[in-house]
Amino acid sequence: MKGLVYRGAKKVAVEEVPDAKIEGPLDAVIRLTTTNICGSDLHMYEGRTAVEQGTVLGHENMGVVEEVGPGVTQVKPGDRVSVPFNIACGTCRNCQSGWWSFCTRTNPTEGMDGAAYGYANMGPYAGGQAEYLRVPFADVNLLHLPAGREFENDFTMLSDIFPTGWHGVELSGFQPGDRVAVFGGGPVGLMAAHSALIRGASEVFVVDQVTDRLKLAEKIGATLIDFSAGDPDEQIFERTGGKGCDRGVEAVGFQAHDAGGDEHPELTLDHLVNIVRSTGGIGVVGVYVPEDPGLDRPEKADRVGWQYGTFFSKGQSMGTGQAPVKRYNRQLRDLIIAGKATPSFIVSHEIGLDEAPDAYDKFDKRVDGYTKVLLKPNA
Ligand SMILES: NC(=O)c1ccc[n+]([C@@H]2O[C@H](COP(=O)([O-])OP(=O)(O)OC[C@H]3O[C@@H](n4cnc5c(N)ncnc54)[C@H](O)[C@@H]3O)[C@@H](O)[C@H]2O)c1
Ligand SMILES: [Zn+2]
Ligand SMILES: [Zn+2]
């Protein structure tokens, strides 16, 4: 079958890769109908993670079940399903308490809990930017979707970024009526803003400098803050009578940069500590890594110097980590079906697998208009 393979910094290629097949009794094989490129793929694409060359990328997957192992009882060939990016066993301590993203069993990497498809440090699982995908523990992991093609571009956000945006808001300790600042107007930040507005935020600020992304934020009712036009904290304080926000969501990660493009991994954390009120909360879903091969000393990535003293003095709280997709995806599916959520508003491109290398290049450069790219490997 064909798959998109990581070949070193800024190199991906569509190649013949080993067929996805049933390897254990609890596996399923999915024929991909839609698989998205994610900002997390860009950290890998840019050579800023430990991902191995030859890995098939792709953790935002949905499709139709092709085949199941003999122990699978809840899904059958022909079922339309969303595949959470987390690979959970369903029975370990973390899975059983709803922390599907920190499964203690599915990731053999030393010191790492939580597994995912085609992802640095998250186990030996091939990704779904390919024609087919092997899904372990299929009964645990797969979410049923209504048959047909309806809501395809909304449902495709259920595998990762819609639950991740929702989780960022949840981690912040959000209550209806709260005012929220979201740093990062990429797909994840826009999903966090969409989530906060659905959940009854009084006001949501989205901070970025990419114009087309800021326009999308405006379309869903958020207030734009362009950090290339001046200090974002000052802009937010000015618009809130000096009060700042109740909650903040970090949706950028360790490659946060200033308006000139220089990276400062502490930048958005410092902004959030500054503009969130005392005893308010911060949800960090932007990714930070323990090691960054893009640095002269890769282990330096693990020591981000941020304003912990002010954070402590303000009595703020913070939640972090990969999102436990299964905690939210069923309810978010039903909000889509009910017409109350439309995460497809961020889709900018729908293309075949062969065009993916070019789309990686343009999405990576944040070329105007490249907000969310959906691949259709079997179209
Ligand atoms: N925790 C999870 O489960 C999870 C899941 C998916 C993605 N992620 C992570 O979330 C982050 C965002 O993902 P995405 O797909 O939206 O990526 P993206 O790269 O498309 O978007 C990031 C945005 O941040 C903006 N940005 C950069 N520096 C900034 C700054 N100083 N202030 C404000 N905005 C700034 C960029 O202009 C860009 O639009 C990534 O780190 C990704 O790895 C985490
Ligand atoms: Zn993703
Ligand atoms: Zn588990």
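These numbers were taken from a predicted model, which means no experiment stands behind them.

Reading the values: the criteria
- Residues numbered from 1 in each chain as written.
- Chains lettered and ligands numbered in written order.
- Predicted model: local features only at pLDDT ≥ 70, side-chain atom pairs only at ≥ 80, totals over all residues.
- Helix = DSSP H or I, 4+ residues; strand = E, 2+ residues; numbered from the N terminus.
- Buried ≥ 20, exposed ≤ 12 C-beta atoms within 10 Å, placed from the backbone.
- Contact = placed C-beta atoms within 7 Å.
- Pairing = 2+ DSSP bridges.
- Axes fitted to C-alpha atoms, helices over the stretch in contact; angles between N-to-C directions.
- UniProt positions renumbered as here; feature names shortened; annotations may be inferred.

Let's talk about the overall build of the protein chain
(1) Moving on: Along the backbone of the protein chain there are 12 helices and 17 strands.
(2) Moving on: Each principal axis of the C-alpha distribution contributes one length, and for the protein chain these read about 60 × 50 × 40 Å.
(3) Moving on: Taking all 379 residues of the protein chain together, the buried fraction comes to 51%.
(4) Moving on: The long-range share in the protein chain, meaning contacts at least 24 apart out of those at least 6 apart in sequence, stands at 71%.

Thoughts on the sheet that holds strand β14 (residues 276-284)
(1) Moving on: Strand order in the open sheet formed by six strands is β12-β11-β10-β13-β14-β15, with parallel pairing between adjacent strands. With partners counted over all chains shown, the strands left at the sheet margins are β12 (223-226) and β15 (317-320), one partner each. Neighbour-to-neighbour, the strand axes of the sheet open up by a mean angle of 20 degrees, direction not taken into account.
(2) Moving on: Here strand β11 (residues 203-208) runs beside β12; their pairing, made up of four bridges, is parallel. Counted as the bridge partner of Phe205 is Thr223 from β12.
(3) Moving on: Taken strand by strand, helix α8 (residues 232-239) contacts β10 (179-183), β11, β12 and β13 (245-250), and its axis lies near 145 degrees from that of β12.

Here's the deal with the UniProt feature "domain: Alcohol dehydrogenase-like C-terminal" (unreviewed entry) in the protein chain
(1) Moving on: The positions that UniProt labels "domain: Alcohol dehydrogenase-like C-terminal" (unreviewed entry) are, in the present scheme, residues 187-256.
(2) Moving on: Annotation note: span residues 187-256, helix share 41%, strand share 23%, distance between end C-alpha atoms 15 Å.

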